[in-house]
Amino acid sequence: MAVDVASLPGRIRHRFPVFEKRVYINSCSQGALSDSVREAYDRYLADWDEYGAPWEYWVERLEAVRASIAGLINAEEDEVAVTTSVSAGVSALLSGLDFSNGRDTIVVSDFEFPTIGQISHAQERRGVRVVHVPSEGDGTIPLERFEDAVDERTALVAVTHVCFRNGGRLDVEGIAGIAHERGVPVLVDAYQTIGSLPIDVRALGCDFLAAGVLKYLLGSAGLGFLYCRRELVQGIEPTATGWFADRDIFEMDIHDYSPAPSARRFEAGTPPVPSTYAAIAGIELMQEIGVAETEAHVRELNGLLRDGLEELGATVVTPREPERSGALLCVRSTDVNALVAALEEEGIVTSCRDDNLRISAHCYNTADDVQAVLDALTANRQLLG
Ligand SMILES: Cc1ncc(COP(=O)(O)O)c(C=O)c1O
């Protein structure tokens, strides 16, 4: 899709006050605060003030988030658990998987976010084996590596969509094909892609998908979700649980465990009410802006960024192929903390992981932002690896 690089941010940038003071190009960490998310928080406080404890309405807000997320990822509402983080949803999921039937292994990619690796290894206490699928040096993991790793002992394959360390994007559809051939379900961590490109759980072919609203969905901390394909829900009984996961929350029965028949069984305690207001506002704004348009826009910006980085002689560790990368572009540095600090001095907000500077444009970023980053990197050329 051809998008004029200048037109998208021109429509919306004024709604993100951070740009009055900074070049914010760090949405892989956190989306910029919009006027509508700020208003949503104001509304939460006003409702609390005016009504005291409007729990009926607050539970409605939770259901509105569920509907909003279901719409965004092409799932049904009963396939979505609204959680407080990716970690909470994935912990609930893994706590409910049966590893005693000969399938005792979780296969994870080496691109995983810490929480996926750590929750998987926590299952070792239950006799689980964790197998890591190694990457190539070029920010990719070929499908053959998954062919080698997934076998009759595998209970789950857990893969990230885009790697938070190097921006490499995995072939989730291909991996799901390999896993399903061997009768193994697939969990996708889509936190680095949701909101930056269209996500369709049916098209991806995944069985579970976890993400949150903090980054490209323009929400804030405290709210994540777990999608579980409907056919699998009732066969999984989480032991990491709580009263909001119960079949009937208001029954308040302390004598048994009867999880909800829907994906709500992966929830836990009191929902993150303030974050539901923010999540609804953030997702609505992102849908109004257009996720597909944003993907095309950021692709153009990243093209400009790559051209400039190439001229500078910088090492871009994110693969170049469009299907092997997302919004996040990572650049090697000899002292990445010094580089992030030098950019901060110029009013440019980025972040880092390992030896990589992370530059992550979103709908609100402009070609001028990219040029500002390139100018600052030129001035700090000695810190590029
Ligand atoms: C790929 C990925 N997964 C998960 C998370 C965070 O998970 P949680 O919601 O558990 O903090 C992040 C970022 O913070 C991430 O980049």
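All of these numbers come straight from a predicted model, not from anything done at the bench. (Residues numbered from 1 in each chain as written. Predicted model: local features only at pLDDT ≥ 70, side-chain atom pairs only at ≥ 80, totals over all residues. Heavy atoms only, no water.)

Observations regarding the packing of helix H2 (residues 35-51) against helix H10 (residues 273-289)
Axes are the key here: two packed helices are described by the angle between their axes and the distance separating the axes.
In step 1: At their nearest, the axes of H2 and H10 sit 8 Å apart, and the two run at 150° to each other. The pairing of H2 with H10 is recorded here as roughly antiparallel in orientation. Every pair of crossing elements has a handedness; the one defined by H2 and H10 is right-handed. Contacts between H2 and H10 involve Ser36, Val37, Ala40, Tyr41, Arg43, Tyr44 and Asp47 from the former and Val273, Pro274, Ser275, Tyr277, Ala278, Ala281, Gly282 and Leu285 from the latter.
In step 2: Its residues assigned to classes, the contact of H2 with H10 shows 10 nonpolar, three polar and two charged. (Axes fitted to C-alpha atoms, helices over the stretch in contact; angles between N-to-C directions. Helix = DSSP H or I, 4+ residues; strand = E, 2+ residues; numbered from the N terminus. Parallel < 35°, antiparallel > 145°, perpendicular 65-115°, else oblique. Left-handed = near helix turned anticlockwise from the far one by under 90°. Contact = heavy atoms within 4.5 Å. Nonpolar A, V, L, I, M, F, W, Y, C, P; charged D, E, K, R; others polar.)

Focus: helix H5 (residues 114-122)
In step 1: Thr115, Ile116, Gly117, Ile119 and Ser120 are the residues of H5 that are buried.
In step 2: For H5, the elements touching its buried residues are helix H4 (86-96), strand E3 (105-109), strand E4 (129-133), strand E5 (154-160) and strand E6 (186-189). (Buried < 20%, exposed > 50% of the residue type's maximum accessible area, 1.4 Å probe, protein only.)

Digging into the state of the cysteines
In step 1: Tallied over the full model, the rule gives zero disulfides.
In step 2: Of all cysteine sulfurs, the one in Cys28 lies closest to Cys330, which takes part in no disulfide; the gap is 7.1 Å.
In step 3: Exposure remark for Cys330: the relative accessible area of 0% places this residue in the buried category. (Disulfide = S-S within 2.5 Å.)

Brief notes about the packing of aromatic side chains
In step 1: Per the counting criterion, the structure on display carries nine aromatic pairs.
In step 2: Ring centres of Phe19 and Tyr364 lie 5.2 Å apart, and the angle between their planes is 50°; on these two criteria the pair is classed as tilted. Linking Phe19 in the loop between helix H1 (7-12) and strand E1 (23-24) with Tyr364 in the loop between strand E12 (356-360) and helix H13 (367-379), this pair joins segments that are 345 residues apart in sequence. Note on accessibility: Phe19 and Tyr364 belong to one class, buried.
In step 3: Ring geometry for Tyr44 versus Tyr277: centroids 5.5 Å apart, planes at 70°, classification edge-to-face. (Phe/Tyr/Trp six-rings, centres within 6.5 Å; stacked < 30°, edge-to-face > 60°.)

Quick notes on H4
In step 1: Burial analysis of H4 places eight of its 11 residues in the buried class, which makes it a mostly covered element.
In step 2: Those residues of H4 lying buried are Val86, Gly89, Val90, Ala92, Leu93, Leu94, Ser95 and Gly96.
In step 3: For H4, the N-terminal cap is Ser85; the gap from its side-chain oxygen to the backbone nitrogen of Ser87 is 3.3 Å. (Polar contact = N/O pair within 3.5 Å; in protein donor to acceptor, adjacent residues only side chain to side chain.)

Regarding the environment of Gly168
In step 1: Structurally, Gly168 can be placed in the loop between E5 and helix H7 (172-181).
In step 2: Owing to a relative accessible area of 0%, Gly168 belongs among the buried residues under this scheme.
In step 3: Those residues in contact with Gly168 that lie beyond four places of it in its chain are Phe111, Gly139, His161, Val162, Cys163, Thr318, Pro319 and Arg324.

Some points on the nonpolar core
In step 1: Judged by nonpolar contacts, the single largest core of 61 residues is most densely connected at Ile73, Val157, Val159, Leu209 and Tyr364.
In step 2: Aside from chain neighbours lying at most four places away, what touches Val157 is Val107, Val150, Ile175, Ala179, Val184, Pro185, Val186 and Leu187.
In step 3: Tyr216, Ala314, Val340 and Ile348 belong to the second largest nonpolar core, which has 32 residues in total. (Core = buried A, V, L, I, M, F, W, Y, C linked by side-chain atoms within 4.5 Å.)

Points about the site of the ligand
In step 1: All residues in the neighbourhood of the ligand are listed as Ser85, Val86, Ser87, Phe113, Thr160, Phe164, Asp189, Tyr191, Gln192 and Lys215.
In step 2: Between Val86 and the ligand, the recorded distance is 2.8 Å, taken from a backbone N or O atom to an oxygen atom.
In step 3: Contact distances for the ligand include 2.4 Å between an oxygen atom and a side-chain N or O atom of Ser87.
In step 4: Notes on the ligand: free accessible area 400 Å², of which the protein chains cover 83%.
In step 5: Mapping the ligand onto the cavity grids shows that it belongs to the largest pocket.
In step 6: Classifying every residue of the shell around the ligand by side-chain character gives four nonpolar, four polar and two charged. (Near = heavy atom within 4 Å. Areas by Shrake-Rupley, 256 points an atom, 1.4 Å probe, with all protein chains shown as cover. 1 Å grid on protein atoms, 1.4 Å probe; cavity = no way out; pocket = protein on both sides within 12 Å on 5 of 7 lines; lining within 4 Å. Sits in = over half its atoms within 2 Å of the grid points.)

So, the environment of Ile141
In step 1: With respect to the helices and strands, Ile141 occurs in the loop between E4 and helix H6 (143-149).
In step 2: Placed 30 residues apart in sequence, Ile141 and Asp171 show a C-alpha to C-alpha distance of 8.6 Å.
In step 3: Ignoring sequence-local partners within four residues, the contact set of Ile141 consists of Ser109, Asp110, Phe111, Val133, Pro134, Ser135, Phe146 and Leu170.

Notes on the pairing of E5
In step 1: Most of E5 is tucked away, with seven of its seven residues classed as buried.
In step 2: Alignment of E3 against E5, held across four bridges, turns out to be parallel. Bridging from a neighbouring strand, Val108 pairs with Ala158 of E5.
In step 3: Alignment of E5 against E6, held across four bridges, turns out to be parallel. In the strand pairing of E6, Ala158 is matched with Leu187.
In step 4: A crossover connection joins E5 to the parallel E6 through H7; in handedness this β-α-β unit is right-handed. (Pairing = 2+ DSSP bridges. Right-handed = clockwise from strand over helix to strand, strands pointing away.)

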